[in-house]
Amino acid sequence: MEVRQMATAFLINDNKVLMMKKARSKLFNFEFWGGIGGHLEYEELNFPMKASYREIEEETGFKKSDIKNFKLKYILIENNSGEIRQQYVYFGETKHMNFISSDEGELYWIHKNELLNLHMSKIIKFTIEHYLENPNLDDILVGTITANNESNPQIQWATTKETVTF
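The residue count restarts for each chain, going from 1 along the sequence in the order it is written. Residue-level local features of this predicted model are given only where pLDDT is at least 70; pairs of side-chain atoms are given and counted only at 80 or more, and the full residue set underlies all totals for whole chains, interfaces and linings. Based on all heavy atoms of the structure, the side-chain values leave hydrogens and waters out of the count.

Chemist: Quick question: what am I supposed to make of the side chain of R85 here?
Modeler: Here R85 lies in strand β6 (residues 83–94). Each polar contact in these results corresponds to two N or O atoms within 3.5 Å; when the atoms are within protein, one needs to be able to donate a hydrogen and the other to accept it, and residues that are neighboring in sequence are counted only if both atoms are side-chain atoms. At 2.8 Å, the side chain of R85 and the side chain of E83 are in polar contact. A run of H or I in DSSP becomes a helix once it reaches four residues, and a run of E becomes a strand once it reaches two; helices and strands are each numbered from the N terminus.

Below, the structure is given as structure tokens:
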């Protein structure tokens, strides 16, 4: 089984979040919404924040200096299409709203109250929902997507804590 690592960022300006609308992907032939991000390059495997900043600049034109309070909030894990997907999800703030166009998809500033109305993957919807309910949580959470007895997607959250194993 393959492992795919990804980094996703959600940039916030007041009550709006920068979201990307994609017409399709390699796996899906329909329109959907997501954050800014993509796959980690080989040299970024131990540095997902570096990958996230790279993706942000490539897809929006925002520089690292344009982003404040950029923090890892979630690590998402799912078994999808024969691979284990691990996604590092960051949230940060920006003072300006001027982005560049991207061939990855169309960028829009979406009010926080409208986010959950967008067509997005279940794991991203669960994550945004959790964030909106807990915006000031400082912990890093691990979310594992599973299915209930009726095969409906659900997520299990666990807080990461510093441990001493010996």
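Chemist: Looking at this structure, how should I read the pairing of strand β2 (residues 16–22)?
Modeler: The two faces of the sheet receive side chains in turn, since in a regular strand these alternate between them. Most of β2 is tucked away, with six of its seven residues classed as buried. Any two strands are treated as partners once DSSP identifies two or more bridges connecting them. Where strand β1 (residues 2–13) lies against β2, two bridges are found, and the strand directions are antiparallel. Its bridge partner lying in β2, N13 is registered against K16. A loop of two residues connects β1 with β2, the two strands running antiparallel in sequence, and D14 in this loop sits at a positive phi of about 55°. As paired elements, β2 and strand β7 (residues 106–111) share six bridges and run antiparallel to each other. Burial classes: relative accessible area under 20% of the type maximum marks a residue as buried, over 50% as exposed, and values in between as partly exposed (1.4 Å probe, protein chains only).

Chemist: Which parts of the structure should I look at to understand empty space enclosed by the protein?
Modeler: Gaps between atoms show up when a probe of the same size as a water molecule is rolled over them. Grid points spaced at 1 Å over the protein atoms alone were grouped into cavities, where a 1.4 Å probe fits but cannot get out, and pockets, open sets with protein on both sides within 12 Å along at least five of seven lines, with lining residues defined by an atom within 4 Å of a point. Grid points are joined across faces, edges and corners, and a volume is the space filled by probe spheres set on the points. Counted under the stated rule, the structure contains one cavity of 30 Å³ or more. Lining of the largest cavity is provided by F10, I12, V17, F91, K112, L115, I128, Y131 and L132. Breaking the lining of the largest cavity down by element, the ones donating at least two residues are β1 and α2 (122–133). Examining the composition of the lining of the largest cavity, we find that three residues originate from one element, α2, more than from any other.

Chemist: Would you take a moment to explain α2 for this structure?
Modeler: Expected span of a helix, by definition, is 1.5 Å for each gap between consecutive residues, and there is one gap fewer than residues. The terminal C-alpha atoms of α2 lie 16 Å apart, and with 12 residues this matches the ideal 16 Å at 1.5 Å per residue to within 8%. Of the residues making up α2, those classed as buried are I123, I124, F126, T127, I128, H130 and Y131. Contacts are assigned to residue pairs with any non-hydrogen atoms lying within 4.5 Å of each other. Residues of α2 that are buried sit in contact with β1, β2, β5 (67–80), β6, β8 (141–147) and β9 (153–159).

Chemist: Is there a simple way to explain the packing of aromatic side chains in this structure?
Modeler: Geometry of an aromatic ring pair is reported as the spacing of the ring centres plus the angle between the planes. By convention, a stacked pair of Phe, Tyr or Trp rings (six-membered ring in the case of Trp) has centres within 6.5 Å and planes under 30 degrees apart, an edge-to-face pair has planes over 60 apart, and any other such pair is tilted. Applying the stated criterion across every chain, the model contains seven aromatic pairs. Relative to W157, the ring of Y74 lies with its centre 5.2 Å away and its plane at 55°, an arrangement referred to as tilted. Note that Y74 is positioned in strand β5 and W157 in strand β9, a separation of 83 residues in sequence. Owing to a relative accessible area of 2%, Y74 belongs among the buried residues under this scheme. One aromatic cluster is present, formed by F10, Y74, F91, Y131 and W157 through successive ring pairs.

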